[in-house]
Amino acid sequence: NIEDPCLEDFAIIVINDPYDEKLSTVNAVFRYIQTIKTKVAIPAILTLIENESEEYFYGALTTLGAIGGPEEAVYLTGFLDREDLTVAQKQQLVKVLGQIKAVETYDKLVEMAEDNEENAFIRMYCAEAIGSMGKEEAVEVLVNLYEDTDPKIREYVVRGLKNYKDNEVAEKIMLQATRDNHYKVRLEAIEAIKVNEIKSAVPYLIYRAKNDPENVVKKSA
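What comes next concerns the included structure. (Residues numbered from 1 in each chain as written. Predicted model: local features only at pLDDT ≥ 70, side-chain atom pairs only at ≥ 80, totals over all residues. Heavy atoms only, no water.)

### Structural notes on the overall build of the protein chain
Move 1: The secondary structure content of the protein chain amounts to 14 helices and zero strands.
Move 2: Per-residue burial over the protein chain gives 48% buried out of 221 residues.
Move 3: Look at the contacts in the protein chain between residues 6 or more apart in sequence, and 65% of them connect residues 24 or more apart.
Move 4: In the protein chain, 26 side chains carry a positive charge and 40 a negative one; their mean positions are 11 Å apart. (Helix = DSSP H or I, 4+ residues; strand = E, 2+ residues; numbered from the N terminus. Buried < 20%, exposed > 50% of the residue type's maximum accessible area, 1.4 Å probe, protein only. Contact = heavy atoms within 4.5 Å. Lys, Arg positive; Asp, Glu negative; His and termini not counted. Charge placed at Lys NZ, Arg CZ, Asp CG, Glu CD.)

Below, the structure written as structure tokens:
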């Protein structure tokens, strides 16, 4: 049973010194810590992230996303400006900040989402993350981001706006997104409409169900 607390001591020992263990064992320990959400592991997890060992970096980050809080999120934002991080590592960092949903990191994530020079995947994960925090001022930020020419950004903007039930401005973008020229944005809009039970979207859904050029969108509508 992965939730057996008797394994906790073993997990903490492994995570403090994983280097002589099989990678599969360390990854199993990461999953165990994520399941039981033991905060005792946080110092060891942070050490693995600081060491930037490619072998453990992603597992440690994902685990921190599951068990960390605002303090860890603020700590992680300090990594975002480091030039020695790979784009992939930076992307994972932003994903984890979105998981933690710490409003203390909001300003930094908005700055990155609005930076046209930033990597597109990082920007889209930032858009989703700031939406997940539920701050009302994020709606205006996301609405402006929806004007981006990159469909990946627009798709993740809609994901972010999905968190704003009964917000007229957010709903307006969700409806607009059903007419987006990229099918993934339309799909995301339909999912957002479903989650938020937007009754005014029925005509839009009927149109998509009948006329959309993509079968996957028709089926979803």
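Once the structure has been displayed, the description carries forward.
### Remarks on helix H10 (residues 151-161)
Residues that lie three or four places apart on an α-helix share one face, since the helix turns once every 3.6 residues.
Move 1: Within H10, eight of the eleven residues are buried, which leaves the element mostly enclosed by the surrounding structure.
Move 2: Of the positions making up H10, those classed as buried are Ile153, Arg154, Glu155, Tyr156, Val157, Val158, Gly160 and Leu161.
Move 3: Tucked inside the fold, the buried residues of H10 contact helix H8 (120-132), helix H9 (137-145), helix H11 (168-177) and helix H12 (183-196).
Move 4: Measuring from the backbone nitrogen of Lys152 back to the side-chain oxygen at the start of H10 gives 2.8 Å, which picks out Asp150 as the cap. (Polar contact = N/O pair within 3.5 Å; in protein donor to acceptor, adjacent residues only side chain to side chain.)

### Description of the layout of surface pockets
Move 1: Considered as a void within the structure, the largest pocket measures approximately 220 Å³ in volume.
Move 2: Lining the largest pocket are 14 residues, and of these Gly98, Gln99, Glu128, Ala129 and Ser132 lie nearest its centre.
Move 3: Partitioned by chemical class, the residues of the lining of the largest pocket number four nonpolar, five polar and five charged. (1 Å grid on protein atoms, 1.4 Å probe; cavity = no way out; pocket = protein on both sides within 12 Å on 5 of 7 lines; lining within 4 Å. Points joined across faces, edges and corners; volume = space filled by probe spheres on them. Nonpolar A, V, L, I, M, F, W, Y, C, P; charged D, E, K, R; others polar.)

### Details of the packing of aromatic side chains
Move 1: If you walk through the whole model with that rule in mind, you get four aromatic pairs.
Move 2: Taking 5.6 Å as the distance between ring centres and 75° as the angle between the ring planes, the aromatic pair formed by Tyr19 and Tyr56 counts as edge-to-face. Taken together, the residues span a long stretch of sequence, with Tyr19 in the loop between helix H1 (8-16) and helix H2 (23-36) and Tyr56 in helix H4 (residues 54-67) at a distance of 37 residues.
Move 3: Look at Tyr125 and Tyr156: their rings are 5.7 Å apart centre to centre, the planes differ by 80°, and that puts the pair in the edge-to-face class. Of this pair, Tyr125 sits in helix H8 while Tyr156 sits in helix H10; the two residues are 31 residues apart in sequence, bridging distant segments of the chain.
Move 4: What makes Tyr125 buried here is its relative accessible area of 12%. (Phe/Tyr/Trp six-rings, centres within 6.5 Å; stacked < 30°, edge-to-face > 60°.)

### Here we look at the packing of H8 against H10
Move 1: Remark: H8 packs on H10, axes separated minimally by 7 Å, with the N-to-C direction vectors making an angle of 15°. By the angle between their directions, the pair H8 and H10 is classed as roughly parallel. Crossing angle aside, the handedness with which H8 passes H10 is right-handed. For the pair H8 and H10, contact is made by Ala120, Phe121, Arg123, Met124, Tyr125, Ala127, Glu128 and Gly131 and by Lys152, Ile153, Tyr156, Val157, Arg159 and Gly160, respectively.
Move 2: Each residue belonging to the contact of H8 with H10 can be placed in one class, and the counts come to eight nonpolar, two polar and four charged. (Axes fitted to C-alpha atoms, helices over the stretch in contact; angles between N-to-C directions. Parallel < 35°, antiparallel > 145°, perpendicular 65-115°, else oblique. Left-handed = near helix turned anticlockwise from the far one by under 90°.)

### Thoughts on the side chain of Glu188
Move 1: Mapped onto the fold, Glu188 is located in helix H12.
Move 2: Beyond its immediate stretch of four places on either side in the chain, Glu188 contacts Glu155, Val158, Arg159 and Lys162.

### A short note on the nonpolar core
Move 1: Core analysis: the largest hydrophobic core is formed by 73 residues, its most contacted members being Ile15, Ile49 and Leu76.
Move 2: Counting residues per element, this core draws most heavily on H8, which supplies seven residues.
Move 3: When near neighbours in sequence (up to four residues on either side) are disregarded, Ile49 contacts Phe57, Ala60, Leu61, Leu64, Leu76 and Phe79. (Core = buried A, V, L, I, M, F, W, Y, C linked by side-chain atoms within 4.5 Å.)

### Here's the deal with the side chain of Asn196
Move 1: Here Asn196 is to be found in helix H12.
Move 2: Reaching out from Asn196, the side chain makes a polar contact with the backbone oxygen of Lys162 at a distance of 3.0 Å.
Move 3: With near-sequence residues (within four places) excluded, Asn196 lies in contact with Lys162, Tyr164, Lys165 and Met174.

What is shown is where atoms sit, not what they do.
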